[in-house]
Amino acid sequence: MGGSEGTAAARARFLVAGGGVAGLVTAWELARAGAGVVVLERADRLGGQVRRGELAGIPVDLGAEAFATRGGVVAALATELGLAAAVVAPAEAGAWLYPTTGRAVPVPRTSVLGIPGVPLAADVVAALGTRAALRAFADALIPGTVGSKARTLGALVRARMGAATLERLVAPVVRGVHSAHPDELELDRVVPGLRAALVREGSLARAVRGMRAAAPAGSAVQGLRGGMHTLVATLERELAALGAEVRTGVEVSDVRAGSLLAAGERLRGTVVVATPGLVGERPPVRAITLVLLAIEDARLDAAPRGTGLLVAEGAPGVAARALTHVTAKWPDPARGARHVVRLSYDRVGADWRAVAVADASALLGVPLDLARVVDATRVDWARSGRVEHPPEGVAAVGEWVAGTGLASVVAHARKVTGSLLEASGTFDVRPATVESQRSEE
């Protein structure tokens, strides 16, 4: 692609280094406010960890397949992009847990990220065992100040309800949602309001029940009909219509105040870093492998494990840490009779197909074999953790500064973009955008 300093790239006021969702949202907000924008992406495609694939002729997401409804920020973005009618909730079958006992049980209904609101409820006892459930119930008997200053979600649950509740129930759910252990997640970022509810109620279980009662009806996650990859395709079309320049296959380096090197060419403008590693502290990186199987087996029609399972660490005979029954979670008659199952791994070897089929059999309770698998694929991701100290003097967006999940990434990108536009004093921020963002926060 290339160009010279007399091109639109040199005249651009904003240079967005990174074409994942954070970079695309930032670029779109800037471009629709009238700014000149250039997006620079090292890969040969846009979207980062939102990626389209195909399995047995069925379009599938090879990365993020849903978004948290927290704050309403992603749904609001979809609406502004004309995708309101495409926003869908998962099936109501609910998720299951595969605990260390090796016997699948439903995730407790009255819970927040697996934290039980009724520790002695039958579904909690089934997941934890009687002894661990009694320890969780002791939360009601200890002073409300215990754990109230915990920095991480893991520290809070451990202090209030014990290590067994943390590892057997909360950790599998959190790993499935955030791809991280609760000890790695800041409490106030991952569950806003929980600390204040604990202080107010004097019990973590009561705080959970209060949050559940106050929450609007509906699922904690949603998706897009056709797949989350439609969000990236829509943003790409919008950027083209607004005249933004998008360059893929471009290596960015030597980021400075007001300029960067793109494939050896010095471009000048306000830089927004939307990818980790270019400036400041290098974030921790976690390797994750997704395996997707297309299966022909009528025994899966009944969705024997609801929308999928979250696996407790140390569960016997299973290497996967989660399974999503995609065609049960997001029903679509256009897919036909084939089922799509998605498994996630921290590590899996060359025999990944056989491992995935064995894991799917154990988790779904349906004996499967490779003969019933009509197609399979794997994709390896390097997920970025969040840096402790964001870089100073440069605008930065993305998972590495915002935290995990599209809800965090989108909300942070829109907030940063609003600040950039206000600071520039040149472009108008659309009032509707400002009001929408403020109401969702």
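These notes cover the structure that comes with them. This is a predicted model, so every value here is computed, not measured. (Residues numbered from 1 in each chain as written. Predicted model: local features only at pLDDT ≥ 70, side-chain atom pairs only at ≥ 80, totals over all residues. Heavy atoms only, no water.)

Focus on helix α10 (residues 204-214)
Phase 1: For α10, the set of buried residues is Leu 204, Ala 205, Ala 207 and Val 208. Looking down the long axis of α10, one finds its buried residues gathered within 160° of arc, a one-sided arrangement. Those residues of α10 that are exposed and angled more than 90 degrees off the buried face are Ala 213 and Ala 214.
Phase 2: Tucked inside the fold, the buried residues of α10 contact β9 (111-112), β10 (115-116), α6 (153-161) and α9 (194-201).
Phase 3: Two or three places before Ala 205, at the start of α10, stands the capping residue Ser 203, its side-chain oxygen 3.3 Å from that residue's backbone nitrogen. (Buried < 20%, exposed > 50% of the residue type's maximum accessible area, 1.4 Å probe, protein only. Helix = DSSP H or I, 4+ residues; strand = E, 2+ residues; numbered from the N terminus. Arc of directions from axis to C-beta. Contact = heavy atoms within 4.5 Å. Polar contact = N/O pair within 3.5 Å; in protein donor to acceptor, adjacent residues only side chain to side chain.)

Observations concerning the side chain of His 325
Phase 1: Relative to the assigned elements, His 325 resides in strand β19 (residues 322-325).
Phase 2: When residues no more than four places from it in sequence are discounted, the contact partners of His 325 are Leu 300, Ala 303, Gly 306, Thr 307, Gly 308, His 339, Val 340 and Val 341.

Describing the sheet that holds strand β1 (residues 14-17)
Strands belonging to one sheet form pairs held by backbone hydrogen bonds; the direction of such a pair is parallel or antiparallel.
Phase 1: One open sheet holds the five strands; their spatial order is β12-β2-β1-β16-β22, and the pairing between them is parallel. Every interior strand has two partners, whereas the edge strands, β12 (245-248) and β22 (395-396), have only one.
Phase 2: Here β1 pairs with strand β2 (residues 37-41) via four bridges, running parallel. From the neighbouring strand, Phe 14 faces β2, where its bridge partner is Val 37. (Pairing = 2+ DSSP bridges.)

Here's the deal with a nonpolar patch on the surface
Phase 1: A grouping of Leu 120, Leu 134, Phe 137 and Leu 141 is seen on the molecular surface, where their side chains present a nonpolar patch of about 400 Å² in accessible area.
Phase 2: Looking at the secondary structure, you find Leu 141 in the loop between α5 (130-137) and α6. (Patch = residues over 30% accessible without salt bridge, like charges linked within 9 Å, V, L, I, M, F, W, Y side chains within 5 Å. Areas by Shrake-Rupley, 256 points an atom, 1.4 Å probe, with all protein chains shown as cover. Salt bridge = Lys/Arg side-chain N within 4 Å of Asp/Glu carboxyl O.)

Overview of the nonpolar core
Phase 1: Counting 44 residues, the largest nonpolar core has Val 16, Val 37, Leu 231 and Leu 239 as its most contacted members.
Phase 2: Within the residue set of this core, elements represented by two or more residues are β1, α2 (21-32), β2, α3 (73-80), α11 (229-241) and α15 (406-424).
Phase 3: In this structure, Leu 113, Ala 132, Leu 169 and Leu 187 belong to the second largest nonpolar core, which totals 35 residues. (Core = buried A, V, L, I, M, F, W, Y, C linked by side-chain atoms within 4.5 Å.)

Some details on unusual backbone geometry
Phase 1: Phi at Ala 56 takes a positive value of approximately 55°, unusual for a residue other than glycine.
Phase 2: Within the element layout of this structure, Ala 56 appears in the loop between β3 (52-55) and β4 (58-61).
Phase 3: Positive phi, close to 50°, is recorded for Asp 254, a residue that is not glycine.
Phase 4: With respect to the helices, strands and loops of the structure, Asp 254 is situated in strand β13 (residues 252-256).

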